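Residues per chain, in single letters:
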Amino acid sequence: MAKKLLLANAHVPGIRGYEVYRREGGYRSVEKALKTMTPEAIVEEVKKSGLRGRGGAGFPAGLKWSFIAKPEGVPRHLVCNADESEPGTFKDRYLMEFLPHLLVEGLIVSSFALGSNTTYIYIRGEYAWIVDILETAITEAKANGWLGKNILGSGFDCEIYVQRGAGAYICGEETALIESLEGKRGNPRIKPPFPAVKGLWGRPTVVNNVETLAAVVPIINDGGESYAQIGIGKSTGTKLLSACGNINKPGVYEIDMTISVEEFIYSDEYCGGIANGKRLKACIPGGSSVPILPANLLLKTAKGEPRLMNYESLADGGFATGSMMGSGGFEVLDEDQCIVRHTLSLARFYHHESCGQCSPCREGTGWMKKILHNIEYGKGKMSDIDLLWDIQRKIEGNTICPLGDAAAWPVAAAIRHFRDEFEWHVLNPEESQQRNFGLAHYADPSAMHVPVS
Amino acid sequence: MSEQKPLVKVTIDNITIDVAPGTTILNAARTIGGDVTPPAMCYYSKLEGSGGKCRTCLVEVAAGSTADPRPMPKLVASCRTTVMDGMVVKNCTSERVKDARNGVVEFLLMNHPLDCPICDQAGECHLQDLGYQHGKEGTRFEFARRTFEKIDIGPYIQLHMTRCILCYRCTYVADQLTPKRVHGILQRGDHAEISTYIARAIDNDFSGNMIDVCPVGALTDKTFRFKNRVWFTKPVDAHRDCTTPGCCGKTTLWLRGEEVYRVTSRKDEWGEVQSFDGKPGWICNSCRFDHKKATDWVIEGPTVISRHSVISQGHYVGMVKPAETIEKVMDGRTPKLLMDIHSVSEVNTKQEVK
């Protein structure tokens, strides 16, 4: 049984309320931080912990905090990115829904570390009911003296506000989130300047994911070094994964990044194996934006080592034979699932969510969707596959924000690893309409898979 | 005078120049000019905050600076990246840039209606120039181009949303030149459109400048609509005493004979409004739309179009008549019979045999 830091108390009845949360040892980190630590010491502790951003990019959180500019007389802000819209990712929802006080606690400590007197939670518009849960938690925290003026006599003031988004995936990008929070159209800003210098209302701002901020609580409670001892290498601490797809036990799991992918999928503690006795065909290990991997490359790296559930091991082999940890949306596809259809539904999502600011993403995502639609519905041509490859290549890296990359990678990976399935769709248009399962041979325990191009 | 900061050295396509710190790569390249300058569809030096969106100005930074000579991993938008001392930039010498730019041009033209034969912008359209310079023959896009519902944005400006490339320049004009912006981008992605919400006319003294900044034919002059092709009209510089505050009164009149077909602000070689005394020469709607008689204006002389475009065909100063080449192609022999046709009616009249 792996050690749980975030979800340890998730099943205690009434943990959502303040009384139970406090009784179970809640808000200890605020006491410790505000009474015995300086803001610099907290940043140092987070650096020591090796905590990496849990939103997808995996940037070291302590380093990000140390970048924040500190000009005289200018307020700074901490913004919690709760705009969790990545298809397949729902870990933050679980955390906020069942442990709202954990987030509030993490926010108070982090705000103190960064000197943010006004902190915002920018929450996805679709999570309407969680807004009430969070606001109740904030009110309770305030009533008990954890928020407001002069918290615990430390002279530190802090207020937390919850702001709902209006339903745009792009507002999960930090600068688009800031624009949206300012009441503008959620277009990503052109960087530099980075938010750490000029963010919300032109002030230095740090934007962090919900899980990252919640993880600050155990780091302060137990110390950064003991947090860093969990996990392997640069993948320290525990990570929430939201598993979904064709598995027996979908849900949110907390892992300590030392287990293998195989164990995560097949052990009864986690996903419990593939549903209905089917075989594993492919998996997207970190949310829809990261490259999809076929079964043999998922379980073992190109070097033949077992692949572990952590940042380094999942990225082993680069994009040619690896993937990314991403935001932890673990999507499993069994042998009956069609990769072309799956790629189409992702392409449709990115087309729908592109903000339309820069041309490669605006035009390219729509084009890819249309071509994939043709292939999926039996109207594709062989040349379309190369065309798709060329389009994704021209989007990737040429856009303002990472949405362009996020739209390009799934298509690239699908073609790279499952090209013959695309070709099968083109060559067997009628059969693919009657039996849209694609090819099952990827589930065979074959020799090492060699990716195309 | 504030203290002068030392100039920084930047090398663009193997040409090294000194520029003031804080200059963008694009502006540094513009001081060199020619092919070294990346094209820009959305950046407009007179509009604060513009740029970074169209991605046509992507360049490769081969070395970040003297202090940190690492290359930048991605191509960067030259209009929004400032130069560093010792930076080495590759524009037309980089295959990566060429490839990416071809891609961007393809993306921009994909949903463009290509209705140049009936578009008033044809001849002075930046997308035409861009497509000519960087585009490829033929199209790989086999789907219906997107269309929009037509909306009327007032008596002076015609909006053709299908032609729009979403450069956002017109929104910056409305933000920075007029007291209140009533139009903007609705929707998102490839169904994003320039529109007023809900169906309002854009009514402001300076709204006409949106036409000047529009790089394509999405915003055109209703009073000039379908009247003439730009390359048939002759541009002359003119001015009048305009009483509208903020209007510089210096314009270009586009004449055919004595008739003023169109009034625009004066543009420089990058297709941007010229500056006078350090201020951009924006003009008011009264100058642009209501003064269409040659007698309203003091004509200064013919405009020299420094932009490489078909509109420079209207030049009639400094024109060099091309030399006769027929003798050259005939190996030095002079043709025995050469029809020298000046008008259609002459075709059937008897020609003198030379």
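None of these values were measured; they are calculated from a predicted model. (Residues numbered from 1 in each chain as written. Chains lettered and ligands numbered in written order. Predicted model: local features only at pLDDT ≥ 70, side-chain atom pairs only at ≥ 80, totals over all residues.)

Topic: the overall build of chain A
1) Next: For chain A, the count of helices and strands is 19 helices and eleven strands.
2) Next: In terms of overall dimensions, chain A is globule-like: its C-alpha atoms have a radius of gyration of 22 Å, near the 22 Å expected for 453 residues.
3) Next: Taken over the C-alpha atoms alone, chain A extends approximately 75 × 45 × 35 Å along its principal axes.
4) Next: For chain A, the residues scored as buried account for 57% of the 453 residues in total.
5) Next: Partitioning the intrachain contacts of chain A with sequence separation of at least 6 by distance along the chain shows that 72% fall at a separation of at least 24. (Helix = DSSP H or I, 4+ residues; strand = E, 2+ residues; numbered from the N terminus. Rg over C-alpha atoms; globule rule 2.2 N^0.38 Å. Buried ≥ 20, exposed ≤ 12 C-beta atoms within 10 Å, placed from the backbone. Contact = placed C-beta atoms within 7 Å.)

A short note on the overall build of chain B
1) Next: The helix and strand inventory of chain B stands at seven helices and 15 strands.
2) Next: Viewed in the frame of its principal axes, chain B has a C-alpha envelope of about 75 × 55 × 55 Å.
3) Next: For chain B, with 354 residues in total, the buried portion stands at 40%.
4) Next: Contacts in chain B between residues at least 24 apart in sequence constitute 64% of all its contacts with a sequence separation of at least 6.

Side note on the nonpolar core
Residues and elements named next belong to chain A.
1) Next: One finds L95 and V109 to be the most contacted residues of the largest nonpolar core, which totals 216 residues.
2) Next: The element contributing the most residues to this core is helix α18 (residues 403–427), with twelve residues.
3) Next: When near neighbours in sequence (up to four residues on either side) are disregarded, L95 contacts L6, L102, L103, V210, E211, A214 and L240. (Core = buried A, V, L, I, M, F, W, Y, C linked by C-beta atoms within 7 Å.)

Quick look at the pairing of strand β3 (residues 58–63) of chain B
Residues and elements named next belong to chain B.
1) Next: The pairing of β3 with strand β4 (residues 76–77) spans two bridges and is classified as antiparallel. When the sheet's bridge partners are listed, V59 is paired in β4 with V76.
2) Next: Sheet topology note: the β3/strand β5 (residues 87–90) ladder contains three bridges and is antiparallel. Counted as the bridge partner of V61 is V89 from β5. (Pairing = 2+ DSSP bridges.)

Concerning the sheet that holds strand β8 (residues 251–255) of chain A
All names here are of chain A.
1) Next: Across the sheet, five strands lie side by side as β8-β7-β11-β9-β10; this open sheet has mixed pairing. Two strands close off the open sheet at either side, each with one partner strand: β8 and β10 (293–294).
2) Next: With four bridges joining them, strand β7 (residues 239–245) and strand β11 (residues 329–334) adopt parallel strand pairing. Residue pairing across strands places G245 opposite V332, the latter belonging to β11.

Some points on the packing of helix α3 (residues 39–49) of chain A against helix α9 (residues 210–222) of chain A
All names here are of chain A.
1) Next: Where α3 meets α9, the axes come as close as 10 Å, and the angle between the chain directions of the two elements is 100°. The pairing of α3 with α9 is recorded here as roughly perpendicular in orientation. Contacts from I42, E45, V46 and S49 of α3 reach α9 at V216, I219 and I220.
2) Next: By residue class, the composition of the contact of α3 with α9 is five nonpolar, one polar and one charged. (Axes fitted to C-alpha atoms, helices over the stretch in contact; angles between N-to-C directions. Parallel < 35°, antiparallel > 145°, perpendicular 65-115°, else oblique. Nonpolar A, V, L, I, M, F, W, Y, C, P; charged D, E, K, R; others polar.)

Description of the domain arrangement of chain A
All names here are of chain A.
1) Next: The assigned domain composition of chain A is domain 1 (18–229), domain 2 (239–334) and domain 3 (339–443).
2) Next: When each unit is reduced to the centre of its C-alpha atoms, the spacing between domain 1 and domain 3 is 36 Å.
3) Next: If you look at the interface, domain 1 gives ten residues, while domain 3 gives eight residues.
4) Next: For the side of domain 1 that touches domain 3, a count of residues per class yields seven nonpolar, two polar and one charged. (Domains from an automatic or database assignment.)

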